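As a plain string of letters, each chain reads:
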2 protein chains.
Amino acid sequence: MLSGPSGVGKGTVRQAMMKDHHHQDLQYSVSMTTRPKRPGEVDGVDYYFRTKEEFEHEIKNGGMLEYAQYVDHYYGTPLKYVNQTLDAGKDVLLEIEVNGAMQVRSKCPDGVFIFLTPPDLQELRQRIINRGTDDMATIDKRMQKAAEEIKMMTNYDYAVVNDKVELAVDRIEKIIASEHLRVSRVIDQYTSFN
Amino acid sequence: MLSGPSGVGKGTVRQAMMKDHHHQDLQYSVSMTTRPKRPGEVDGVDYYFRTKEEFEHEIKNGGMLEYAQYVDHYYGTPLKYVNQTLDAGKDVLLEIEVNGAMQVRSKCPDGVFIFLTPPDLQELRQRIINRGTDDMATIDKRMQKAAEEIKMMTNYDYAVVNDKVELAVDRIEKIIASEHLRVSRVIDQYTSFN
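None of these values were measured; they are calculated from a predicted model. (Residues numbered from 1 in each chain as written. Chains lettered and ligands numbered in written order. Predicted model: local features only at pLDDT ≥ 70, side-chain atom pairs only at ≥ 80, totals over all residues. Heavy atoms only, no water.)

With an RMSD of 0.0 Å, the operation that places chain B on chain A is a rotation of 180 degrees combined with a shift of 0.0 Å along the axis. Accordingly, the operation relating the two chain copies is best matched by a two-fold axis. Among all C-alpha atoms of chain B, that of K174 of chain B lies closest to the rotation axis, at 2.7 Å. (Least-squares fit on C-alpha atoms with pLDDT ≥ 70 in both.)

Now the structure itself:
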């Protein structure tokens, strides 16, 4: 699960990851939406485009891993394709908003939750204090946003700074490789006879 | 903590890791022992060579992170140098026997415990069953050893197959990089004002 505050660059990092030819075992989970298809968009590639009725039918039948409403339209992750991909032995990459990520967390305890952080978040407090050139209203606003982002982060497994897209991708790749070595994920391979 | 069954190649992998020039932030924790110094060995490099009385004095004063006795000699990890290295902001690599690793586990809940596995362990059961060329006594003996090794593994965070030293080193490097991105390890950097 790749998540993070809005504007941090989740989409850019996700696209860079999926372009990487190493990732034949990683599949991006295409989202479902009720918003109209834009020119050039392809159903099943950019989104699964569905009517409001179809989407609400999926919700009622427990078919959505997570979903949310933005500006009168539904967006969400259909459970079916996630399960199909996992059953095929591949990893699934979800790029989701923080609210969606928390819905997934409760349903997928063995999922890996990565919080993409703005590059300035870590030094923000110190920098604001030291510099003192911004007016208090600006400082307060940015500090409040930072505090919210840091609070969000505590619900995740990993924090990846998006200072440069290629560095963020490299960090995420290492997390994926490392998680595949967890005893809790491989122990069945040692104890199974199949 | 790099550990694993005897004969798996812990020393070789550790030496290969420390030779790697990337690892300026990783320091090998030199063990303490009461066994006599061999020709060419250097105190403080290969081991801290101490008398039995000095070693037992360290044990009594809580100065050993872990220790064990093999063939009438003590071997162990002095806590002092581990803490000094961690305080300097570096990672510490410990290469220890499985009994020692379990002692460290209880003292260092935030340590990362890596179990190096023999390359044949994963396929061993299936291979033995399919092949059926070994006599039953040999099969039983190897199966019992494998069962013990798999049981040990469940006490660790990660399982790294030592099929090739350079591949094992690469996997361990990814684990170290990935663990540095854990929210639980970095959150202080975001909330601290220092």
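Attention now goes to the sheet that holds strand β5 (residues 64-70) of chain A. All names here are of chain A. Taken together, the four strands give an open sheet; going across it, the order is β4-β3-β6-β5, and neighbouring strands pair in mixed fashion. Edge positions in the sheet fall to β4 (48-49) and β5, since each has one partner strand and no second. Where strand β3 (residues 32-33) meets strand β6 (residues 73-78), two bridges bridge the pair, whose relative direction is antiparallel. Looking at the pairing, M32 lines up with G76 of β6. Helix-sheet contacts for helix α2 (residues 52-60) involve β3, β5 and β6, and the interaxial angle to β6 is about 45 degrees. Each of β4, β5 and β6 is contacted by helix α3 (residues 79-87), which is oriented at about 20 degrees to β6, the strand it contacts most. (Pairing = 2+ DSSP bridges. Helix = DSSP H or I, 4+ residues; strand = E, 2+ residues; numbered from the N terminus. Contact = heavy atoms within 4.5 Å. Axes fitted to C-alpha atoms, helices over the stretch in contact; angles between N-to-C directions.)

A word on helix α4 (residues 98-107) of chain A. All names here are of chain A. Taken residue by residue, α4 has V98, G100, A101 and V104 as its buried positions. Buried residues of α4, seen end-on, are gathered within an arc of 150 degrees and therefore sit on one face of the element. Of the exposed residues in α4, those oriented more than 90 degrees away from the buried face are N99 and S106. Buried residues along α4 sit against β1 (2-3), β5, β8 (114-117) and α6 (136-153). (Buried < 20%, exposed > 50% of the residue type's maximum accessible area, 1.4 Å probe, protein only. Arc of directions from axis to C-beta.)

What follows covers the pattern of salt bridges. For side chains bearing opposite charge, pairing can occur when the charged atoms are close. All names here are of chain B. Summed over the entire model, instances satisfying the criterion amount to 20 salt bridges over all chains. E41 is the partner of R35 in a salt bridge, and the nearest nitrogen-oxygen pair spans 2.8 Å. The exposure class of R35 is buried, given its relative accessible area of 7%. A residue is classified by how much of its surface remains accessible, and E41, at 18% relative accessible area, is buried. Two residues, R105 and D157, come together in a salt bridge whose shortest N-O distance is 3.1 Å. (Salt bridge = Lys/Arg side-chain N within 4 Å of Asp/Glu carboxyl O.)

Our next topic: the sheet that holds strand β1 (residues 2-3) of chain B. Read across the sheet, three strands follow the order β1-β8-β9 (chain B) without closing on themselves; strand pairing throughout is parallel. The outermost strands of the open sheet, each flanked by one partner alone, are β1 and β9 (158-161) of chain B.

A word on the interface of chain B and chain A. The partner chain A presents 31 residues to the 31 residues of chain B that form the contact. Interface of chain B and chain A: buried area, both sides summed, is about 2,900 Å²; carbon and sulfur atoms make up 63% of it. Between chain B and chain A we count two salt bridges in total. Close ionic contact of E179 of chain A with R182 of chain B constitutes a salt bridge, the shortest N to O distance being 3.4 Å. The interface formed by chain B and chain A contains eight residue pairs in polar contact (both at pLDDT 80 or more). A per-class count over the side of chain B that touches chain A returns 17 nonpolar, eight polar and six charged. (Buried area = accessible area lost by both parts, 1.4 Å probe. Polar contact = N/O pair within 3.5 Å; in protein donor to acceptor, adjacent residues only side chain to side chain. Nonpolar A, V, L, I, M, F, W, Y, C, P; charged D, E, K, R; others polar.)

By themselves, these observations are geometric and do not establish any function.
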